There are 4 protein chains.
Amino acid sequence: MSQNDLLRELLLLDSNEIKYSDKQLKIVEAAIETFSEKGFAASSTSEIAKKAGVAEGTIFRHYKTKKDLLLSIVTPLMAKLLGPVVAKDFVKEIFEVQYENFEQFIRNLAFNRYEFVKNHRTVVKILLQEISFHDELKEPYILLFQKHIYKDFQKTIRQFQDQGEVVMWPVNTIIRLIINTIAGTLLSMFLVLPDQNWDYDQEMEQTIDFLVKGLKG
Amino acid sequence: MSQNDLLRELLLLDSNEIKYSDKQLKIVEAAIETFSEKGFAASSTSEIAKKAGVAEGTIFRHYKTKKDLLLSIVTPLMAKLLGPVVAKDFVKEIFEVQYENFEQFIRNLAFNRYEFVKNHRTVVKILLQEISFHDELKEPYILLFQKHIYKDFQKTIRQFQDQGEVVMWPVNTIIRLIINTIAGTLLSMFLVLPDQNWDYDQEMEQTIDFLVKGLKG
Amino acid sequence: MSQNDLLRELLLLDSNEIKYSDKQLKIVEAAIETFSEKGFAASSTSEIAKKAGVAEGTIFRHYKTKKDLLLSIVTPLMAKLLGPVVAKDFVKEIFEVQYENFEQFIRNLAFNRYEFVKNHRTVVKILLQEISFHDELKEPYILLFQKHIYKDFQKTIRQFQDQGEVVMWPVNTIIRLIINTIAGTLLSMFLVLPDQNWDYDQEMEQTIDFLVKGLKG
Amino acid sequence: MSQNDLLRELLLLDSNEIKYSDKQLKIVEAAIETFSEKGFAASSTSEIAKKAGVAEGTIFRHYKTKKDLLLSIVTPLMAKLLGPVVAKDFVKEIFEVQYENFEQFIRNLAFNRYEFVKNHRTVVKILLQEISFHDELKEPYILLFQKHIYKDFQKTIRQFQDQGEVVMWPVNTIIRLIINTIAGTLLSMFLVLPDQNWDYDQEMEQTIDFLVKGLKG
DNA sequence: GATGAATGAGAGTTCATTCAT
DNA sequence: AATGAATGAACTCTCATTCAT
C-alpha cells in the first residue's frame, strides 16, 4: 500500500462519507511532515501552507484553528488505536482469539502493533510528542484504554496465569511489561534510531522470546 | 535531599565555583516547570519571568536567548548522564564492579538509573520532549554514549554470555532490551503515569526478575 | 510632476512591472519621512506604521526587515545615480556630448544634478545620513563610480586641459573640486539650509562661474 | 601633540577647573569611537562601557543620560568652533588680522580649519552625523555663527570687494562658496575618503588657488 | 472554494537607566 | 566613586487568524 493510500485510509477510517479534496490532503501531508519535524508549537501555518502549495487562508477554510489541524491528524490515529468501533476490531483481532499458548498471543499482539507503527510512524511520532501537552488527546486515550481494552487484556492475562503459563505477578505489572517491551522495540526501530540497519524480523522474534521467557510462570 | 538541593546539585555539578543567585535559581525553577508543562516552544519567556517573580529582561541578563536557558537546564543533566568525567563515575560504579551474577549487574544498573530519574524526573521529561528537535542535544548524547558507555556495556554482556548466564543473542539486541525495559519501567512510573499508586520497590524487583529471566542463557 | 509621481518614478525605475499597492506606497512615504527626520536607527517601525496608517505587521509583510525597508528606499536612488544601465544614460547625457567649451560642460553637469537633488532631496538626505553606517550602500557606490563614471569624467577633463581651457592640476583634484563645489551648493540649498530664501538660478549661475574661473587654464 | 592630549585639550577648553578622572576619559574615548562608527542612536551604552572598561552604571554617574554623553563630546567642539569666548579667539586670529591680499586671508582661514579638522576629525564626524537630529546642536550653531562670526566675515569680504580683489556677487554667496570649498576639501580628505593617499599640502594649495581665482574681482 | 493582503496580539530581545552594595 | 544586577518600556519581528475579492 502506498503512503498516500495509508494516509487516506487513516483519515477516512474506512468510511467514504468524508471527502478530502486534493488540496486538503496536501495540507494534511504537509502538516504531518512539519509537525513531526519541528513539533506542533514550533510549526507555523504559513510554512505548512507553503509546503502544501496552498494559500495561507486555505488551511483555515478546512480547519478552524491550527490545533484543529493537529487533532484532525491525530484523532483518527487514536480512533484506530482506541476508538469504540475500531477498538472492538482490535479487541476481536487480539483478545477474542483462542490462543494455543501465551507466545501465540504475544506474537499476535506484537505483529499487530508492528504493522500499525510501521505504517503510521510519522503520525505516531506526532502523537507521542504532543500527547502530554494536550488534554484533548490524553483523556480519550486513558478513558478508552481503560474502558475497552484493559478489561479484555486483564482477562486474557489471567487465563494464561490460571493455565500456569504466566508468572503470578499483579496483572497490571504484567500488562505494563508487555506494553513497555513491545513499544520499546517498535519505538527504537521506527522512531528513535530509524537509520540503524535493523533486522526487523529478528528483533521482533527476540522481543517475543524475551517477553515469553521473562513472564513464564 | 530537598528538590532545591537536587536542583543546585544538578546545576553545580559538584563544583561550588559557579554561583547562582537567588533570582537565577528562581528563573531556572520557573523555566523547568514551564518547559515541562507546555514544552519549550509553547513556553513564553514572559510567563517564565512572571512565574519566577522577575522582570522579563532579567532572564536575558543571565541567558542570551531562550534556547540558552533550555540548554542551561538540560546540559548539566546530560553531562551527568553522559559527560566524560561523570560517565566514568557511572562506568566505574556500574561496569567496573565484579558481579557475582547477571542479576546483581541488572539490579545495580536499574537502581542507579532509578535514583537518577526519581531525582530529576522533570528535567528528564524536558530532555525527552526536546531531544528530537535540537541537534545540540542529540549529538553529544549519541557520541558520548558510543564512546564511553557502549564498549563497557558490551564487554560486560559478553562476559555474562561467556559464563552462560545470558542468552547468545546479538549484544546490541540485549543492550537494547535492557535499556528499553528499565527505561520503560522508570518512565511509566515517573513520567507517563506518575499519579498512579506505584509500589516502586515491587515494580523494580519484578522488572529485574523479568529482565534476568527473559535474557537467561 | 507631483511628489507622489516622483516617488513612483523613483521606485519603479521607469518599468511598470513591479506593482506597489497603495499601502506599500504609504509605508514607503512614511518611512522616508521618518528616516529623514530622525535617522534610520532612531526611527521605530511602530511609528512608521502609525504614520502610514497600517498595522505594524503589514510593514514586515512587504519588507522582511527594517533594513530591507531602508534599502528599498535608497537602492533605487543609487541605481538612478550609479546603476550600470542608468549610469550609461548619465554618461551619455553628460560625457558623450560635444561641448563648445568647459563652461557648457559644467553647466550641463550642474543642472543635471540640480534636477536630481531637487526632485529627490529627502531620499538624498537619507542616503547621505546612512551611507557611512551601511557597507551595502557604500560599496556599490564606490565600485560603480569608479567603473562607469570616473573614466569618462577623467577623459573629458583631460580634453579640456589639452585645449588649454582647464588648469594643469592633477585630474583627481579637479574632479574633486568640481564635485565638491556642485555638491556643496546643492546640499546647502536643499538640505542644510532649505528654509533660506534661495535664488536658485542665481546661485547656480554663480557656482558655475566660480568653477569655470577657478579652474581656468 | 598626542591624541590623548588633543582630547584633553578639547574637553578642558584651556581651563583647569573641570577635572576628568581616568575612567571618565576612557568613557569619552570609547563613546567617541562608538558614536563615530555606528552613529549615536545605534550605539549602546553597554558597548561603550565595555569598550571603556568600566561598569555600565559608571557612565551614568558621570552623565545623566546617554544624550548628555553625546553633548559632552560635541559641545566643547562647537564651543571651540563657535562659542562666545573661543569664537572671539577665532575672530581675532582670522578676521582681525590685516591681510595684504585676499589670498592671505583664504590661506589663513583654510589652514586654521585644516588644523582643526585634522586634529578633531572623529568628533567632527559625530557632529556632522548628529547635528540634523538634535536641535540642541543645531540652534547654538546657527545662532552663534550669525552672532559672532558672520558679521566679521561679511565685513572682511566687503573690504576685499571694495579693494577690487573679490567679485561683486552677494556676500552671502561668496561666504557660502568659501565655506563649501574649504569644508569640501577637508571632509573629502579626512572623513569621506580618509584612506586615499592624499598629498595634503598640494590639495590645500590648489584649493586656495581655486578659491582665489574663482572669486577674483 | 481559494486566495493572500492585512491584522494586531504577543513573541523574544535590547537597552537606557536605577539603586543597593 | 564604582559596580553590575535588575528593571520595564520599547524594540523588531512572527504568527494564527480574518475577510474582501
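Residues numbered from 1 in each chain as written. Chains lettered and ligands numbered in written order. Predicted model: local features only at pLDDT ≥ 70, side-chain atom pairs only at ≥ 80, totals over all residues.

**Student:** Teacher, can you tell me more about the overall build of chain A here?
**Tutor:** The number of helices and strands found in chain A is 11 helices and 0 strands. Ordered by position from the N terminus, the helices and strands of chain A form the series α-α-α-α-α-α-α-α-α-α-α. A total of 217 residues make up chain A; the buried ones form 31% of that total. The contacts in chain A between residues at least 6 apart in sequence include a share of 66% that link residues at least 24 apart. (Helix = DSSP H or I, 4+ residues; strand = E, 2+ residues; numbered from the N terminus. Buried ≥ 20, exposed ≤ 12 C-beta atoms within 10 Å, placed from the backbone. Contact = placed C-beta atoms within 7 Å.)

**Student:** Explanation requested: the nonpolar core in the structure shown.
**Tutor:** Generally speaking, a soluble globular protein has its nonpolar side chains buried in company with each other. Judged by nonpolar contacts, the single largest core of 44 residues is most densely connected at I106(A) and I106(B). Not counting the four nearest positions on each side in its chain, I106(B) is found in contact with I208(B), L211(B) and V212(B). Grouped together as the second largest cluster of nonpolar side chains are 43 residues, F102(C), I106(C), A110(D) and I208(D) included. (Core = buried A, V, L, I, M, F, W, Y, C linked by C-beta atoms within 7 Å.)

**Student:** So what exactly am I meant to see when it comes to the protein's contact with DNA strand F here?
**Tutor:** Close to DNA strand F lie 32 residues; T65(A), G57(B), G57(C), A55(D) and G57(D) are nearest. Taken together, the elements giving at least two residues each to the surface near DNA strand F come down to α3 (45-52) and α4 (56-62) of chain A, α4 (56-62) of chain B, α3 (45-52) and α4 (56-62) of chain C together with α4 (56-62) of chain D. Residues of the surface near DNA strand F, tallied by class, amount to 6 nonpolar, 16 polar and 10 charged. (Near = placed C-beta within 6 Å. Nonpolar A, V, L, I, M, F, W, Y, C, P; charged D, E, K, R; others polar.)

**Student:** Which parts of the structure should I look at to understand the UniProt feature "DNA-binding region" (unreviewed entry) in chain A?
**Tutor:** Under the local residue numbering, the UniProt record ascribes the feature "DNA-binding region" (unreviewed entry) to residues 44-63 of chain A. Across residues 44-63 of chain A one finds 75% helix and 0% strand; the C-alpha atoms that close the span lie 14 Å apart. (UniProt positions renumbered as here; feature names shortened; annotations may be inferred.)

**Student:** Can you walk me through the interface of chain D and chain C in this structure?
**Tutor:** Interface size is commonly expressed as the accessible surface area that is lost when the partners come together. Taken together, the contact between chain D and chain C spans 22 residues of the former and 22 residues of the latter. Only α10 (171-192) and α11 (200-214) of chain D provide two or more residues apiece to the side of chain D that touches chain C. Sort the elements by how many residues they give to the side of chain D that touches chain C and α10(D) lands first, with 8 residues. Across the side of chain D that touches chain C, the residue classes break down as 8 nonpolar, 9 polar and 5 charged.

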